[in-house]
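The primary structure of each chain is shown beneath.
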Amino acid sequence: MKKPLALLVDDEPDIRELLEITLNRMSIQTQCAENVDQAKALLKQKIFDFCLTDMKLPDGNGLDLVDYIQIMSNPIPVAVITAHGNMDTAILAMKKGAFDFISKPVDLSVLRQLVSSALKFSDPVSAKERKPRHTLLGESSVIKEIRSKIDKLARSQAPVFISGESGSGKELVANLIHQQSSRSDYPFVAINCGAIPPELMESEFFGHKKGSFTGAVSDKKGLFQAAEGGTLFLDEVADLPQSLQVKLLRAIQEKKIRPVGEQMEIPVNIRLLSATHRNLADMVHDGSFRQDLYYRINVIDLHIPPLRERSADIPALTDYILTKLTGNSSADKPTLSPSALAALQKYHFPGNVRELENILERALALYDGKSIECDDLNLPIGEHNLQDFSGYDPAQGSLEDYLEEIERKAIVLALEENKWNKTAAAKQLGLSFRSFRYRLKKLNLDD
């Protein structure tokens with residue numbers, strides 16, 4: 001079996017020797033270069049599987065090599081060695097396409113993990129096994145572009161910040177990045193930061209030692225340790241309190257954590273992905289989210305568009321959801337009438353894909369066993385007027401309650417304008433009488 005070949009670029013002989021010995025013990029062949037020009041010459045002569053370069057070189061810097069490797073016909077994973085604490089340079093390198101970074105003095109155990117992850121991309125067997133179990137459905141241009149970005153982001157270790165409205169599929173995208181990455185054999189740990197009580201957050205994230213506080217009856221591993229070797233996905237990261245933001249920043253920069261009650265820091269090997277539906281830049285501006293943490297987690301930004309901006313994907317999504325809801329049985333799966341499908345494609349979908357699932361699940365319980373009609377969908381009344389959701393505040397209640405209140409007001413207004421004639425009110429709202437009666441009962445307006 002052919003041994004992998006790594007290119008090591010550093011102008012210090014002692015560092016080159018240390019790196020060579022470490023990689024040779026991993027059964028990896030090495031070639032060394034002292035500067036950028038030598039490295040470029042070797043890259044033209046031989047096919048390498050991986051490149052590790054110091055940032056500061058006599059005739060340039062590691063970023064020059066990162067740029068050069070990215071425009072090669074077959075780019076290879078490249079990692080940079082940065083000065084201790086120089087995260088700005090590391091972030092810039094990853095924005096340019098570097099696979100990962102490692103700080104001086106080089107921790108050999110961290111180096112071995114980094115190299116092992118990088119080499120998985122050169123292994124065709126490993127690449128075949130990384131085919132994702134899920135997929136991002138749709139053929140709209142925006143979804144095709146996101147799938148392409150996911151493929152590129154999977155080849156990096158850079159922190160990714162996934163933005164988008166609630167229900168748009170941020171966790172699915174994070175999971176796809178993990179599944180297609182070299183970390184796919186290790187855990188994908190997802191946590192909603194808003195669901196953890198503030199007093200338990202530090203213990204949940206970093207673990208604790210037995211006896212470190214009242215109720216700590218045994219040692220407990222935190223989320224960072226649970227995700228060891230894999231990916232940690234922090235959903236609604238905007239909900240983190242300031243005290244934990246500081247500790248998270250240190251964990252990202254040092255790649256180490258300290259459990260509650262522990263004296264020593266523990267090295268961790270995870271990739272961090274994060275998401276929120278809130279505007280983090282605005283939160284940085286008003287001081288509720290740390291600027292330095294924002295720059296660390298937002299090395300690469302991936303925006304997931306709302307469903308209303310990709311209505312062309314609704315037929316594929318609808319078919320997939322109905323198949324799932326009917327237990328993958330084509331015999332039991334109903335069809336959507338053309339008018340029902342058209343109504344879905346015109347609807348604003350404030351709850352995005354999650355709301356589409358809820359609408360179809362409800363329709364399955366209401367349809368007459370033939371095809372799902374427009375009335376069976378029970379879309380909120382006046383959906384064409386729901387283009388502005390600036391009045392909706394998640395802190396004041398659920399989206400469903402908010403929509404029901406809008407629906408209730410529309411029905412009462414129609415009844416008042418038609419002197420409480422239900423048939424006339426239903427006609428004014430463009431509903432069948434059956435659908436109108438269902439809504440009256442649902443909203444307790446049928447008395």
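Below, the structure is looked at part by part. (Residues numbered from 1 in each chain as written. Predicted model: local features only at pLDDT ≥ 70, side-chain atom pairs only at ≥ 80, totals over all residues. Heavy atoms only, no water.)

### Observations concerning the sheet that holds strand E1 (residues 5-9)
Consideration 1: With parallel pairing, five strands are arranged side by side in an open sheet as E2-E1-E3-E6-E7. Edge strands, defined here as strands with exactly one partner in the open sheet, are strand E2 (29-33) and strand E7 (100-103). Strand-to-strand twist in this sheet, taken as the mean axis angle between neighbours without regard to direction, amounts to 20 degrees.
Consideration 2: Bridge count between E1 and strand E3 (residues 50-54): four bridges; the pairing is parallel. (Pairing = 2+ DSSP bridges. Helix = DSSP H or I, 4+ residues; strand = E, 2+ residues; numbered from the N terminus. Axes fitted to C-alpha atoms, helices over the stretch in contact; angles between N-to-C directions.)

### Some remarks on unusual backbone geometry
Consideration 1: Note the cis peptide between Lys 104 and Pro 105, where omega equals -5 degrees.
Consideration 2: By the element assignment, Pro 105 lies in the loop between E7 and helix H5 (108-119).
Consideration 3: Look at Trp 420: it is not a glycine, yet its phi comes out positive at around 65 degrees.
Consideration 4: Overall, the relative accessible area of 53% leaves Trp 420 in the exposed class. (Buried < 20%, exposed > 50% of the residue type's maximum accessible area, 1.4 Å probe, protein only.)

### Comments concerning helix H14 (residues 314-325)
Consideration 1: If you check H14, its first and last C-alpha atoms are 16 Å apart, about what twelve residues at 1.5 Å a residue would give, namely 16 Å.
Consideration 2: Contacts from the buried residues of H14 go to strand E15 (335-336), helix H15 (338-346), helix H16 (352-366) and strand E16 (371-372). (Expected span 1.5 Å × (residues − 1). Contact = heavy atoms within 4.5 Å.)

### Remarks on the sheet that holds strand E14 (residues 300-303)
Consideration 1: One open sheet accounts for five strands, arranged E9-E10-E13-E8-E14; its pairing is parallel. On the outer flanks of this sheet lie strand E9 (188-192) and E14, each paired with one strand and no other. Averaged over all pairs of adjacent strands, the angle between strand axes in this sheet comes to 20 degrees, irrespective of strand direction.
Consideration 2: Bridge analysis of E9 against strand E10 (residues 231-235) gives five bridges, and the strand direction is parallel. Counted as the bridge partner of Ala 190 is Phe 233 from E10.

### With respect to the packing of H14 against H16
Consideration 1: Close contact between H14 and H16 brings their axes to 10 Å; oriented N to C, the two are set at 55 degrees. With respect to H16, the element H14 is oriented oblique. Here H14 runs over H16; the crossing is right-handed. Touching Leu 317, Thr 318, Ile 321, Leu 322, Lys 324 and Leu 325 of H14 are Val 353, Leu 356, Glu 357, Leu 360, Glu 361 and Leu 364, all from H16.
Consideration 2: A class-by-class count of the residues in the contact of H14 with H16 yields eight nonpolar, one polar and three charged. (Parallel < 35°, antiparallel > 145°, perpendicular 65-115°, else oblique. Left-handed = near helix turned anticlockwise from the far one by under 90°. Nonpolar A, V, L, I, M, F, W, Y, C, P; charged D, E, K, R; others polar.)

Read these as spatial facts, not as claims about activity.
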